[in-house]
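What follows is each chain in one-letter form.
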Amino acid sequence: ERLAKDHPCVGEIRGVGAFFGIELVKDRKTREPVVPWQSAGSGPMTAFNAALRKHGAWALSRWNFVAIAPPLVIEDHELARGFAALDAALVELEKLL
């Protein structure tokens, strides 16, 4: 919820338990996706994924959707590190939009 509040590029977060997805948008009001659906060139999402890896996290992404599924045995400090990486990657993504 904090990520959605802090980052206007987060359109919606949905999930169950530890498995959730983040929809990334250019404009939250219009819900215009960061990249077109099924786009061949996804520069902003490529940069987002690179930023995640640079900050020590990895997530599955496809077009304007990011799936997050940490191991169920994750510890609090590891979860905090993952959220910090996600936060930093979203900041970098927003610079491109």
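Heads up: these notes are all about the structure in this document. No experiment lies behind these values; they were computed from the predicted model shown.

This brings us to the nonpolar core. Core analysis: the largest hydrophobic core is formed by 22 residues, its most contacted members being Ile-22, Leu-24, Phe-48, Val-66 and Leu-90. Secondary-structure elements contributing two or more residues to this core are strand S2 (19–27), helix H2 (43–54), strand S5 (65–68) and helix H3 (76–96). Counting residues per element, this core draws most heavily on H3, at five residues.

Relative to the 30 Å expected for 21 residues at 1.5 Å per residue, H3 spans 31 Å between its end C-alpha atoms, a close match to the ideal helical length. Listing the buried residues of H3 in full gives Ala-85, Leu-86, Ala-89, Leu-90 and Leu-93. One side of H3 carries all its buried residues, which in axial view fall inside an arc of 140°. Exposed and facing more than 90 degrees away from the buried side of H3 are Asp-76, His-77, Arg-81 and Lys-95. Lining the buried residues of H3 we find helix H1 (2–6), strand S1 (10–16), S2 and H2.

Attention now goes to the packing of aromatic side chains. Overall, the coordinates contain zero aromatic pairs when judged by the stated rule. Directly above the aromatic system of Trp-63 lies the positively charged group of Arg-62, at a separation of 4.2 Å from the ring centroid.

Turning to the side chain of His-7, a few remarks are in order. Inspection of the secondary structure assignment puts His-7 in the loop between H1 and S1. The exposure class assigned to His-7 is buried, which follows from its relative accessible area of 3%. A polar contact of 3.2 Å, which involves the side chain of His-7, links it to the side chain of Glu-94. Among all residues touching His-7, those that are not within four sequence positions of it are Arg-28, Asp-87, Leu-90, Val-91 and Glu-94.

Helix length check: H2, at twelve residues, gives a terminal C-alpha distance of 16 Å against a target of 16 Å (1.5 Å per residue), a fit within 8%. Taken residue by residue, H2 has Met-45, Phe-48, Asn-49, Ala-51 and Leu-52 as its buried positions. One side of H2 carries all its buried residues, which in axial view fall inside an arc of 160°. In the core, the buried residues of H2 are packed alongside S2, strand S4 (60–62), S5 and H3. Positive backbone phi, at 90°, marks Gly-56, one or two positions downstream of H2.

What counts and what doesn't
Residues numbered from 1 in each chain as written. Predicted model: local features only at pLDDT ≥ 70, side-chain atom pairs only at ≥ 80, totals over all residues. Heavy atoms only, no water. Core = buried A, V, L, I, M, F, W, Y, C linked by side-chain atoms within 4.5 Å. Buried < 20%, exposed > 50% of the residue type's maximum accessible area, 1.4 Å probe, protein only. Helix = DSSP H or I, 4+ residues; strand = E, 2+ residues; numbered from the N terminus. Expected span 1.5 Å × (residues − 1). Arc of directions from axis to C-beta. Contact = heavy atoms within 4.5 Å. Phe/Tyr/Trp six-rings, centres within 6.5 Å; stacked < 30°, edge-to-face > 60°. Lys NZ or Arg CZ within 6 Å of the ring centre and 35° of its normal. Polar contact = N/O pair within 3.5 Å; in protein donor to acceptor, adjacent residues only side chain to side chain.

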